[in-house]
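What follows is the residue order along each chain.
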Amino acid sequence: MKSFKTLFLIGSLSFKGIGAMIASAFLVQAQAVTLNGPWIQGAMVTGKASPGEEIIYNGQQLQQTPDGDFVFGLGRNAPAVVELQVKLANGSQKTLSFDVTQRQYVTQKIEGVASKHVTPPKTVSARISREAKAVRQARTANDNRSDFLSTFIWPAKGPLTGVYGSQRIYNGVPKSPHYGVDIAGPKGAEVIAPAGGIVTFADDDLYYSGGTLIVDHGHGISSTFIHLSQIEVTVGATVKQGDLIARIGASGRATGPHLDWRMNWFKERIDPQLLFPKNAKPALQ
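Below or above, wherever it landed, is the structure these notes cover.

Cut-offs applied
- Residues numbered from 1 in each chain as written.
- Predicted model: local features only at pLDDT ≥ 70, side-chain atom pairs only at ≥ 80, totals over all residues.
- Heavy atoms only, no water.
- Helix = DSSP H or I, 4+ residues; strand = E, 2+ residues; numbered from the N terminus.
- Buried < 20%, exposed > 50% of the residue type's maximum accessible area, 1.4 Å probe, protein only.
- Contact = heavy atoms within 4.5 Å.
- Areas by Shrake-Rupley, 256 points an atom, 1.4 Å probe, with all protein chains shown as cover.
- Pairing = 2+ DSSP bridges.
- Core = buried A, V, L, I, M, F, W, Y, C linked by side-chain atoms within 4.5 Å.
- Expected span 1.5 Å × (residues − 1).
- Arc of directions from axis to C-beta.

1. Regarding the overall build of the protein chain
The number of helices and strands found in the protein chain is two helices and 24 strands. For the protein chain, with 285 residues in total, the buried portion stands at 48%. For the protein chain, contacts bridging at least 24 residues in sequence account for 64% of all contacts bridging at least 6. Accessible surface computed for the protein chain: about 13,300 Å², of which carbon and sulfur atoms make up 51%.

Put into structure tokens, the structure is as follows:
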């Protein structure tokens, strides 16, 4: 592993020399705040503050557990440098600056998608907007549960057929990037909860994503599961890690049965694969 250099400045801290660290985590101690990466686009970053300290990221004060744990997400296009503001118990304020490894995303061409899901007719535009709004609303939850601190497990078995961040081209038409991890599997195969949480959204027929389920893990971290053939839980249900929550399908914009697992920190899209050791993949069927 490359060595790290931490530079303390008056009123601020800069963290340099991160290098390319796709899935390895590291710790850095600054004042009484501990942060746990990886510091790379798409990552979920957790941390711990001492009593009385406030942590602010992108102008938002981060919710903390009773033990001081907090979390935030680095989006697909997070800048090369991000800053945290730390308000200490004595009233002083520090700024922590961190390098973020920039990623190069692949282009994935997908053929055989139904034309209505590539260029939807105008008659369904209101439906698409309504469904997108409902999903966004479900991701605004800021529950105080701390399931996001769990060691996540894969929600399904099968080979990976799609990765986070890739530019998707459907039937030759460029579309938005892919924000999830695709796990291929037979229709009806089990989807289990990768961590505990509460169900905030469940709908078996969204236009693009088909059967769609969202589980909130606390503090803005949520998992979304799409293209499902069946949903086994209802909104408001509390699930434990490993519980059966749904079954793999090919509903919505899909060419074959698979699970598309997506994660968010509120509006920020994060990469589920970064929760696992480098090159770790779900077990095969």
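2. As for the sheet that holds strand E22 (residues 244–247)
Here three strands make up an open sheet; going across it, the order is E16-E22-E20 and the pairing antiparallel. Strands with a single pairing partner mark the edges of an open sheet, and in this sheet they are strand E16 (190–192) and strand E20 (230–231). As paired elements, E20 and E22 share two bridges and run antiparallel to each other. From the neighbouring strand, Ile231 faces E22, where its bridge partner is Ala246.

3. Examining the nonpolar core
Ranked by internal contacts, the top residues of the largest apolar core, which has 52 residues, are Phe72, Leu74, Leu213, Phe225 and Ile245. The leading source of residues in this core is strand E23 (residues 258–265), at four residues. Those residues in contact with Leu74 that sit more than four places away from it in its chain are Pro38, Trp39, Ile40, Gln41, Gly42, Ala43, Val45, Tyr57, Val82, Val100, Arg269 and Ile270. Counting five residues, the second largest nonpolar core, distinct from the first, contains Val135, Ala138, Phe201 and Leu206.

4. So, the pairing of strand E10 (residues 93–99)
Bridge analysis of strand E9 (residues 81–87) against E10 gives seven bridges, and the strand direction is antiparallel. Each bridged residue has a counterpart across the sheet, and for Leu84 the counterpart in E10 is Leu96. Count of turn residues in the E9/E10 antiparallel hairpin: five residues, of which Gly91 carries a positive phi of about 95°.

5. Description of helix H2 (residues 125–138)
Under the 1.5 Å per step criterion, the end-to-end length of H2 is 20 Å for 14 residues, consistent within 8% with the ideal 20 Å. Among the residues of H2, Ile128, Glu131, Val135 and Ala138 are the ones counted as buried. Along the axis of H2, the buried positions cluster into a sector of 90°, meaning they face one direction only. Facing away from the buried side of H2, by more than 90 degrees, are the exposed residues Arg130, Lys133, Arg136 and Gln137. Check the buried side of H2 and you find it contacts strand E17 (197–206) and strand E18 (210–218).

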